[in-house]
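Each chain, written out:
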Number of protein chains: 2
Amino acid sequence: MTRVYNFSAGPAVLPEPVLQQAAAEMLDYKGTGMSVMEMSHRSKAFQGILDAAEADLRDLMGIPANYKVLFLQGGASTQFAAIPMNLMGGGVADYIVSGSWSKKAFKEAQRYGRANCLASSEDGNFSYVPAMDSIKVSSDADYVYICQNETIYGTLYHQLPETGTVPLVADVSSCFLSEPIDVARYGVIYGGVQKNVGPAGLAIAIVRDDLISDEVLECTPTMLKWKTAADNGSMYNTPPCWAIYISGLVFQWLKDQGGLTAMAERNRRKAAVLYDFLDQSQLFEGTARKEDRSLMNVPFITGDADLDAKFIAEAADHGIQNIKGHRSVGGMRASIYNAMPEEGVKALVDFMAAFEKENA
Amino acid sequence: MTRVYNFSAGPAVLPEPVLQQAAAEMLDYKGTGMSVMEMSHRSKAFQGILDAAEADLRDLMGIPANYKVLFLQGGASTQFAAIPMNLMGGGVADYIVSGSWSKKAFKEAQRYGRANCLASSEDGNFSYVPAMDSIKVSSDADYVYICQNETIYGTLYHQLPETGTVPLVADVSSCFLSEPIDVARYGVIYGGVQKNVGPAGLAIAIVRDDLISDEVLECTPTMLKWKTAADNGSMYNTPPCWAIYISGLVFQWLKDQGGLTAMAERNRRKAAVLYDFLDQSQLFEGTARKEDRSLMNVPFITGDADLDAKFIAEAADHGIQNIKGHRSVGGMRASIYNAMPEEGVKALVDFMAAFEKENA
């Protein structure tokens, strides 16, 4: 068995100890005589898994008691509709469009009310995050929406918009648990887990109590109403048990690593190795504006599509996998999530240096 | 490691060879150097998994070419809304209510148009399936809805309603792949996979081409529109990759067992062992009407709640797990899905006989 360095943007690399534990428990989870996949979601064993996952997540992120943690299905894309359905009672919402994902969310919201685009960086091919000091939140907005880390363009909000009493809703899919955040600054923090947390098929929403109610848009499916999940401990129907189990193991692993402060340090160190190389390279160039760079997704190019293709192919031969940029932008992208070891980033940079020498 | 006989109604027992393969491939799927959970859904390896799963399912069920297979999230409960959203363009639908699940689907549909209850067996605590010969489909109905096997009450439609040109929509969650069916009799066949197919977190819908269109109810979330999944090969966003992978392994296992004809024979044999015992028992009694009995879910009682509790507790000590009836009805329920070996059913009946002797 040879493991590769997997730079996929998601689904993405998971901690090896988590995979080993999952394999070891596959036929008999802790003496229950069955796999987690075979377990009734109403069983004590599974309730224990769910409760531990929630407690560990609360602990890791410092989630205040007045926030609910919801385990959901359908990915962030389903929440693009659920968010206006749950929050747009006043019919107005503000969106900041900093990439493909916030743009998709914005478009979906327009179907349910008056969604305003407060600012957009589409004019610069989403290579930057719009300036926060020029953001003016609508006085009648039900919420302000951002995608905090745009996976495709490799940008991160290093500063949040000032929204006053208007709740801030943030898609954190690709920066989930990458560093400590102040949960109280947000009304809703949510994301698919398949980038930095666990396997595809689970979305987590952390929602402030007062934003969960029966007063949703009339056509809201029962399953998309957050109150349905909140009132039923995320088990109105069968939840994605396996994805919750694996995510829970990742939470434990994160705690073993020292929690989010330690992860943030490691993530900054890892990102610096790659960005420092890019900044001195004569061949490679990072595409995101420096001050908006993501810690998790690092897109770069040579400026020559053929050379990009050659790099991607040769990298794969060196055990550096899934380094190709998103099909919508081309070039390369290294996703260096929590579970990517520092050696992986060093191996990538070493290979980039060798490739640059050869192709100078 | 001791495996138990797991009679859970879902999530439920999976074939042991499938679990073994999943454990063996956990850190390195077929030389890719990564787990299926870590794999980009846009990778060739995952596309291969998805394509094989669909091809094997088509083969097993004999799905005609004019039906699409959609891999979805959110369980059957999300489809309770998606079905009217996708099909109720004319504003009218007929429902047959034969248990909790069809009742829930009926209630959700009432929120989106005029949903008629054609027949109900609620007067008999859902112990039977309404008579098919008295069913009169509304001439203006967009579809007729049934839940083909009601998991909680252990009933199965042994005959389908005659719906003429009106499409029949069937929730088959708890009888999925339990025996061959004539797909062409249905407009939509769908279900959560967590009972008879795979792990929780995946729903499969088999939908006739002409029922998939952009003409959905106006408020339909993009992710609930079947055309979104159909146009994007079930990958508009990241699908529940792991659940698709495991379901695919189960499809292969079913083919290895001889396909659905062989499974149906085995399932009838297994069910007969249990029903024959119940029919001669002086202590235990099956609760579903004989002619409507499910092959998959067998609810039974002693008529004495304390004795039921004693039976459930002692059964657990004998490695017979999750035999408790649904919290809404009490008593016992043995779910004997495809992956429950014949020895499991025999062990249950042997234990029931011994218990009856002791507690006569």
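Everything numeric in this text was worked out from a predicted model, so none of it was measured.

A.B. asks: What is the right way to look at the pattern of salt bridges in this model?
C.D. replies: Side-chain pairs of opposite charge can arise whenever the charged atoms involved come near each other. This model, assessed by the stated rule, comprises 42 salt bridges over all chains. A salt bridge links Glu38(B) to Arg3(A); its shortest N-O distance comes to 2.7 Å. Placement of the pair is Glu38(B) in the loop between helix H1 (16-24) and helix H2 (44-61) and Arg3(A) in the segment before strand E1 (5-6), with the two residues belonging to separate chains. For Lys103(A), the salt bridge is made with Glu122(A), and the minimal N-O distance between the two is 2.8 Å. Note that Lys103(A) is positioned in helix H4 (residues 100-110) and Glu122(A) in the loop between strand E4 (114-120) and strand E5 (144-147), a separation of 19 residues in sequence. The exposure class of Lys103(A) is partly exposed, given its relative accessible area of 27%.

A.B. asks: Sorry, what's going on with the sheet that holds strand E10 (residues 203-208) of chain A here?
C.D. replies: Sheet strands associate in pairs through backbone hydrogen bonding, adopting either a parallel or an antiparallel arrangement. Residue and element names in this part refer to chain A. If you walk across this open sheet you meet the 7 strands as E2-E10-E9-E8-E5-E3-E4, and the pairing is mixed. Of all strands in the sheet, those bounded by a partner on one side alone are strand E2 (67-72) and E4. Averaged over all adjacent pairs, the angle separating strand axes in this sheet is 20 degrees, with direction ignored. Of the pairings in the sheet, the one linking E2 to E10 comprises 6 bridges and is antiparallel in character. Note on E10: the bridge partner recorded for Leu 72 is Ala 203. Sheet strands touched by helix H2 (residues 44-61): E2 and E10. Its angle to E2, the strand with the most contacts, is close to 130 degrees.

A.B. asks: Can you walk me through the interface of chain B and chain A in this structure?
C.D. replies: Bring the parts together and some accessible area is lost; that lost area is often taken as the interface size. Contacts between the two partners involve 62 residues from chain B and, on the opposite side, 62 residues from chain A. Where chain B abuts chain A, roughly 4,800 Å² becomes buried across the two surfaces, and 58% of that area is made up of carbon and sulfur atoms. For the pair chain B and chain A, the interface holds 2 salt bridges. Only H1, helix H3 (75-87), helix H4 (100-110) and helix H6 (241-256) of chain B provide two or more residues apiece to the side of chain B that touches chain A. When grouped by side-chain class, the residues that make up the side of chain B that touches chain A number 29 nonpolar, 23 polar and 10 charged.

A.B. asks: Please explain the relation of the copies chain B and chain A as it appears in this structure.
C.D. replies: For the pair of chain copies, the relating operation is a rotation around an axis with a shift along it. When chain B is fitted to chain A, the residual RMSD is 0.0 Å, and the transformation amounts to a turn of 180 degrees plus an axial shift of 0.0 Å. These values place the two chain copies in the arrangement generated by a two-fold rotation axis. Across chain B, the rotation axis passes nearest the C-alpha of Ala23(B), at a separation of 2.2 Å. By residue overlap, the copies meet face to face through one surface: 100% of the interface positions of chain B are interface positions in chain A.

A.B. asks: Any chance you could explain helix H8 (residues 305-317) of chain A here in plain terms?
C.D. replies: For an α-helix the count is 3.6 residues per turn, leaving residues at separations of three or four pointing the same way. Residue and element names in this part refer to chain A. Along its 13 residues, H8 runs 19 Å from first to last C-alpha, staying within 8% of the 18 Å computed at 1.5 Å per residue. For H8, the full list of buried residues reads Leu 307, Asp 308, Phe 311, Ile 312 and Ala 315. Buried residues along H8 cover an arc of 140 degrees about the axis, so they all sit on one side. Those residues of H8 that are exposed and aimed more than 90 degrees away from the buried face are Asp 306 and Asp 317. Contact partners of the buried residues in H8: strand E12 (297-301), strand E13 (320-321), strand E14 (332-335) and helix H9 (342-358). Its side-chain oxygen placed 2.9 Å from the backbone nitrogen of Asp 306, Asp 304 serves as the N-cap of H8. Immediately beyond the C-terminal end of H8, within one or two residues, lies Gly 319, with a positive phi of roughly 75 degrees.

A.B. asks: Just to check I follow, could you spell out the sheet that holds strand E5 (residues 144-147) of chain B for this structure?
C.D. replies: Residues and elements named next belong to chain B. With mixed pairing, 7 strands are arranged side by side in an open sheet as E2-E10-E9-E8-E5-E3-E4. Whereas interior strands pair on both sides, the edge strands pair on one side only; in this sheet they are strand E2 (67-72) and strand E4 (114-120). Taken over all neighbouring pairs, the strand axes of this sheet differ in orientation by 20 degrees on average, direction set aside. Relative to strand E10 (residues 203-208), strand E9 (residues 188-192) runs antiparallel, the two sharing 5 bridges. Opposite Val 188, over in E10, you have Val 207 as the bridge partner. H2 contacts E2, E9 and E10 of the sheet and is inclined by roughly 130 degrees relative to E2. With respect to the sheet, H3 is in contact with E2, strand E3 (92-97), E5, strand E8 (168-171), E9 and E10, its orientation differing from that of E9 by roughly 155 degrees.

A.B. asks: Sorry if this is basic, but what is going on with the domain arrangement of chain A here?
C.D. replies: All names here are of chain A. We note that the domain assignment places domain 1 (25-256) and domain 2 (259-359) within chain A. Contact with domain 1, which involves 25 residues of that partner, is made by 27 residues of domain 2. Each partner contributes to the roughly 2,100 Å² buried at the junction of domain 1 and domain 2, and carbon and sulfur atoms together form 56% of this total. On the surface where domain 1 and domain 2 come into contact, there are 1 salt bridge. The shortest N-O distance in the salt bridge between Glu 179 and Arg 268 comes to 3.1 Å. The interface formed by domain 1 and domain 2 holds 14 residue pairs in polar contact (both at pLDDT 80 or more) in total. Sorting the residues of the side of domain 1 that touches domain 2 by element identifies H2, strand E7 (155-156) and helix H6 (241-256) as the ones contributing at least two each. No other element matches the 3 residues that H6 contributes to the side of domain 1 that touches domain 2. Across the side of domain 1 that touches domain 2, the residue classes tally to 13 nonpolar, 9 polar and 3 charged.

A.B. asks: Could you clarify how one ought to interpret the nonpolar core in this entry?
C.D. replies: Burial of nonpolar side chains together is a common tendency in soluble globular proteins. Grouped together as the largest cluster of nonpolar side chains are 132 residues, with contacts concentrated most on Trp242(A) and Trp242(B). Once you skip the residues sitting within four places of it in the chain, Trp242(A) turns out to touch Ala22(A), Met26(A), Ser35(A), Val36(A), Met37(A), Pro199(A), Met26(B), Met37(B) and Trp242(B). Leu70(A), Leu70(B), Tyr190(B) and Leu224(B) belong to the second largest nonpolar core, which has 74 residues in total.

A.B. asks: What should I look at first to understand the packing of aromatic side chains in this one?
C.D. replies: The geometry of an aromatic ring pair is captured by two quantities: the separation of the ring centres and the angle between the planes. Tallied over the full model, the rule gives 31 aromatic pairs over all chains. With 6.1 Å between their ring centres and 75 degrees between their planes, Phe300(B) and Phe311(B) make a pair best called edge-to-face. Separated by 11 residues along the polypeptide, Phe300(B) in strand E12 (residues 297-301) and Phe311(B) in helix H8 (residues 305-317) bring together distant segments of the chain. Neither residue differs from the other here; Phe300(B) and Phe311(B) are each classed as buried. By the ring-pair criterion, three or more aromatic residues cluster together here, those being Tyr29(A), Trp242(A), Tyr245(A), Tyr29(B), Trp242(B) and Tyr245(B).

A.B. asks: When you look at the side chain of Glu150(B) in this model, what are you seeing that I'm missing?
C.D. replies: Residues and elements named next belong to chain B. Along the polypeptide, Glu 150 turns up in strand E6 (residues 149-150). One buried charged residue, Glu 150, remains without a salt bridge, the closest side chain of opposite sign being Arg 333 at 8.6 Å. A polar contact of 3.3 Å, which involves the side chain of Glu 150, links it to the backbone nitrogen of Gly 99. Apart from residues lying up to four places away in sequence, Glu 150 is in contact with Ser 98, Gly 99, Ser 100, Trp 101, Ser 102 and Thr 155.

A.B. asks: I would appreciate a short explanation of the environment of Arg208(B) in the present structure.
C.D. replies: Residue and element names in this part refer to chain B. Among the structural elements, Arg 208 can be located in strand E10. Taking the C-alpha atoms as reference points, Arg 208 and Asn 125, 83 residues apart in sequence, are found 33 Å from one another. Residue contacts for Arg 208: discarding those within four places in its chain leaves Asn 66, Tyr 67, Pro 167, Tyr 186 and Gly 187. A distance of 2.7 Å separates the side chain of Arg 208 from the side chain of Asp 210, its partner in a polar contact.

Reading guide: rules and limits
- Residues numbered from 1 in each chain as written.
- Chains lettered and ligands numbered in written order.
- Predicted model: local features only at pLDDT ≥ 70, side-chain atom pairs only at ≥ 80, totals over all residues.
- Heavy atoms only, no water.
- Salt bridge = Lys/Arg side-chain N within 4 Å of Asp/Glu carboxyl O.
- Helix = DSSP H or I, 4+ residues; strand = E, 2+ residues; numbered from the N terminus.
- Buried < 20%, exposed > 50% of the residue type's maximum accessible area, 1.4 Å probe, protein only.
- Pairing = 2+ DSSP bridges.
- Axes fitted to C-alpha atoms, helices over the stretch in contact; angles between N-to-C directions.
- Contact = heavy atoms within 4.5 Å.
- Buried area = accessible area lost by both parts, 1.4 Å probe.
- Nonpolar A, V, L, I, M, F, W, Y, C, P; charged D, E, K, R; others polar.
- Least-squares fit on C-alpha atoms with pLDDT ≥ 70 in both.
- Expected span 1.5 Å × (residues − 1).
- Arc of directions from axis to C-beta.
- Polar contact = N/O pair within 3.5 Å; in protein donor to acceptor, adjacent residues only side chain to side chain.
- Domains from an automatic or database assignment.
- Core = buried A, V, L, I, M, F, W, Y, C linked by side-chain atoms within 4.5 Å.
- Phe/Tyr/Trp six-rings, centres within 6.5 Å; stacked < 30°, edge-to-face > 60°.
- Lys, Arg positive; Asp, Glu negative; His and termini not counted.

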